[in-house]
Amino acid sequence: RWYALAYLAGIFLGYWYLLKLIAQPGAPMARRHADDMIFYAMLGIILGGRLGYVLFYNLESYLKEPVDIFKLWDGGMSLHGGTLGTLIAIGWFTRRNKLSFIRFCDYIACATPFGLFFVRLANFVNGELWGRPTDVPWAMIFPQVDTVPRHPSQLYQAGMEGLLLFFILWLYSSRLRPPRAVSGVFLIGYGVFRWVGEYFREPDAGIFGHSYTISMGQWLSLPMVLIGLFLVVMAYRRKE
């Protein structure tokens, strides 16, 4: 239920902020486009997030029991998969409505940190995706795991991927930027913050195994940073 509330809060506030952005001159979409896009974005988030988790984190288990893929109530969502699913939804929607895909992404990127923030809070309340053992004064014990004090890594990630990333995007997009630039900054920011956050989080076992050196989340964040850098460079080159 906390996941459900997090998704609702993130989508509602993201939609509210998106409406404020498109009310300004030069927006690549009308209000009706934003209204319709919410439905497809929700499908992209949920389906992409679930399929991403199945493919990246627990494929062997789901191949043995394929019916478990549909058991969403048992948990298992990937933020990287949700991002990819949302991009596919935006691509289909903009093509159908003859809109600019990249400029649409620039606007959606600014509203995305709301969802990231609330999902990380839901992780914390659920006591899942716990941190690595530590002796810092603010360490917490997650009783369903063990009695070892651990980093509240969910709160670290909520602060970095949600609050700090939103502030960076808000500051950067407050001035006119070339198409692709804002999307690139989002990918770089999320990828870097996720990479840092993984060093405080107990790593998940993924398709590359269970590693404390480079976790599955870090492997998935690396191409995001590289693509983000490419988009920013191409945006400013084209502008020149």
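Everything here concerns the structure above.
We now turn to the structure provided with this report.

Rules behind the numbers
- Think of each chain on its own: its residues are numbered from 1, step by step along the sequence as written.
- Since the coordinates come from a predicted model, pLDDT governs what is reported: local features require at least 70, and pairs of side-chain atoms require 80 or more to be given and counted, while whole-chain, interface and lining totals use all residues.
- The side-chain numbers reported here are obtained from all heavy atoms of the structure, hydrogens and water having been left aside.
- Helix and strand assignments come from DSSP, with helices taken as H or I runs of at least 4 residues and strands as E runs of at least 2, each series counted from the N terminus.
- When we talk radius of gyration, it's over C-alpha atoms, and the globule rule is simply 2.2 Å times the number of residues to the 0.38.
- Accessible area is worked out with a 1.4 Å probe on protein chains only. A residue is then buried under 20% of its type maximum, exposed over 50%, and partly exposed in between.
- Contacts were defined at the residue level, with two residues in contact if any of their heavy atoms lie within 4.5 Å.
- Two rings belonging to Phe, Tyr or Trp (six-membered ring only in the last case) form a pair when the distance between their centres is within 6.5 Å. Interplanar angles under 30 degrees mark stacking, angles over 60 mark edge-to-face geometry, and anything in between is tilted.
- As a reminder, the over-ring test applies to NZ of lysine and CZ of arginine, requiring each to be within 6 Å of the ring centre and within 35 degrees of the ring normal.
- What a helix is expected to span follows from its residue count: subtract one and scale by 1.5 Å.
- Each residue is assigned a bend, namely the angle between axes fitted to the seven residues that terminate at it and the seven residues that start at it.
- Every patch collects residues that have over 30% relative accessible area and no salt bridge, joining them within 9 Å if they carry like charges and within 5 Å if they are nonpolar side chains (Val, Leu, Ile, Met, Phe, Trp, Tyr).
- Here the accessible surface of atoms and residues is derived via Shrake-Rupley with a 1.4 Å probe, and residues count as covered only by protein chains that are part of the display.
- For this analysis, a salt bridge means a side-chain nitrogen from Lys or Arg found within 4 Å of a carboxyl oxygen belonging to Asp or Glu.
- Under this scheme, a helix contributes an axis fitted over its contacting stretch, all axes are lines through C-alpha atoms, and angles between N-to-C directions fall in the 0 to 180 degree range.
- Every angle not falling under 35 degrees, over 145, or within 65 to 115 is termed oblique; those three ranges are roughly parallel, roughly antiparallel and roughly perpendicular.
- Handedness of a crossing is defined here by the sense of rotation of the near helix relative to the far one, left-handed for an anticlockwise turn of less than a right angle and right-handed for a clockwise turn.
- Throughout, the ten residues Ala, Val, Leu, Ile, Met, Phe, Trp, Tyr, Cys and Pro are labelled nonpolar, Asp, Glu, Lys and Arg are labelled charged, and all others, Gly among them, are labelled polar.
- In plain words, nonpolar cores are sets of buried Ala, Val, Leu, Ile, Met, Phe, Trp, Tyr and Cys residues tied together by side-chain atoms within 4.5 Å.

A word on the overall build of the chain
Scanning the chain for helices and strands turns up eight helices and two strands. Starting at the N terminus, the α and β elements of the chain follow one another as α-α-α-α-α-β-β-α-α-α. Relative to the compact-globule value of 18 Å for 240 residues, the chain shows a C-alpha radius of gyration of 18 Å, a close match. Considering the chain as a whole, with its 240 residues, one finds that 41% of them fall into the buried category. Residue pairs at least 24 apart in sequence account for 67% of intrachain contacts in the chain once pairs closer than 6 positions are excluded.

Description of the environment of Trp-92
Along the chain, Trp-92 turns up in helix H4 (residues 79-97). Separated by 46 residues in sequence, Trp-92 and Trp-138 have C-alpha atoms that sit 45 Å apart.

Quick notes on unusual backbone geometry
Phi at Lys-98 takes a positive value of approximately 55°, unusual for a residue other than glycine. Along the polypeptide, Lys-98 turns up in the loop between H4 and helix H5 (101-126). Classification of Lys-98 as exposed rests on a relative accessible area of 77%. For Leu-129, which is not a glycine, the phi torsion comes out positive at approximately 50°. By the element assignment, Leu-129 lies in the loop between H5 and strand S1 (140-141). Judged by its relative accessible area of 24%, Leu-129 is partly exposed.

A few points about the packing of aromatic side chains
Summed over all chains, the structure comprises eleven aromatic pairs. Seen from their ring centres, Tyr-156 and Phe-200 are 5.3 Å apart, and the 85° between their planes marks the pair as edge-to-face. Of this pair, Tyr-156 sits in helix H6 (residues 153-173) while Phe-200 sits in the loop between helix H7 (181-198) and helix H8 (216-239); the two residues are 44 residues apart in sequence, bridging distant segments of the chain. Here a set of aromatic residues connected by ring pairs shows up, and it is made of Phe-39, Tyr-40, Trp-92, Phe-93 and Phe-104. The positively charged end of Arg-177 is found above the aromatic ring belonging to Tyr-172, 4.3 Å away from the centroid.

Quick notes on helix H1 (residues 2-22)
With 21 residues, H1 extends 30 Å from end C-alpha to end C-alpha; this agrees with the ideal 30 Å at 1.5 Å per step. When we look at burial in H1, the residues that qualify are Ala-6, Tyr-7, Gly-10, Ile-11, Gly-14, Tyr-15, Tyr-17, Leu-18, Leu-21 and Ile-22.

Considerations on H5
Helix length check: H5 (26 residues) gives 36 Å between terminal C-alpha atoms against 38 Å at 1.5 Å per residue, within 8%. For H5, the principal kink sits at Cys-110 and spans about 35°; a proline, Pro-113, occurs within the next four residues. In the segment just after H5, Gly-127 is the residue with positive phi, at about 70°.

Details of a nonpolar patch on the surface
Side chains of Phe-39, Met-42, Leu-43, Ile-46 and Leu-47 sit close together on the surface and give an oily, nonpolar patch of about 440 Å² of accessible area. With respect to the helices and strands, Met-42 occurs in helix H2 (residues 31-56). Residue Met-42 is classed as partly exposed on the basis of its relative accessible area of 32%.

Here's the deal with the packing of H1 against H5
Axis separation between H1 and H5 bottoms out at 8 Å; the angle between their running directions is 160°. Classified by the interaxial angle, the pair formed by H1 and H5 is roughly antiparallel. Between H1 and H5 lies a crossing of right-handed hand. On H5, the residues touching Trp-2, Tyr-3, Ala-6, Tyr-7, Ala-9, Gly-10, Leu-13, Gly-14, Tyr-17, Leu-18, Leu-21 and Ile-22 of H1 are Tyr-107, Ile-108, Cys-110, Ala-111, Phe-114, Gly-115, Phe-118, Val-119, Ala-122, Asn-123, Val-125 and Asn-126. A class-by-class count of the residues in the contact of H1 with H5 yields 19 nonpolar, five polar and no charged.

Some thoughts on the nonpolar core
If you look at the biggest cluster of nonpolar residues, it comprises 36 residues, and the most contacted ones within it are Leu-18, Met-29, Met-37, Phe-104, Leu-165 and Phe-186. Elements supplying a minimum of two residues to this core: H1, H2, H4, H5, H6, H7 and H8. With nine residues, H5 is the single largest residue contributor to this core. Once residues lying within four places of it in the same chain are set aside, the contact partners of Phe-186 are Ala-109, Thr-112, Leu-116, Leu-165 and Leu-169.

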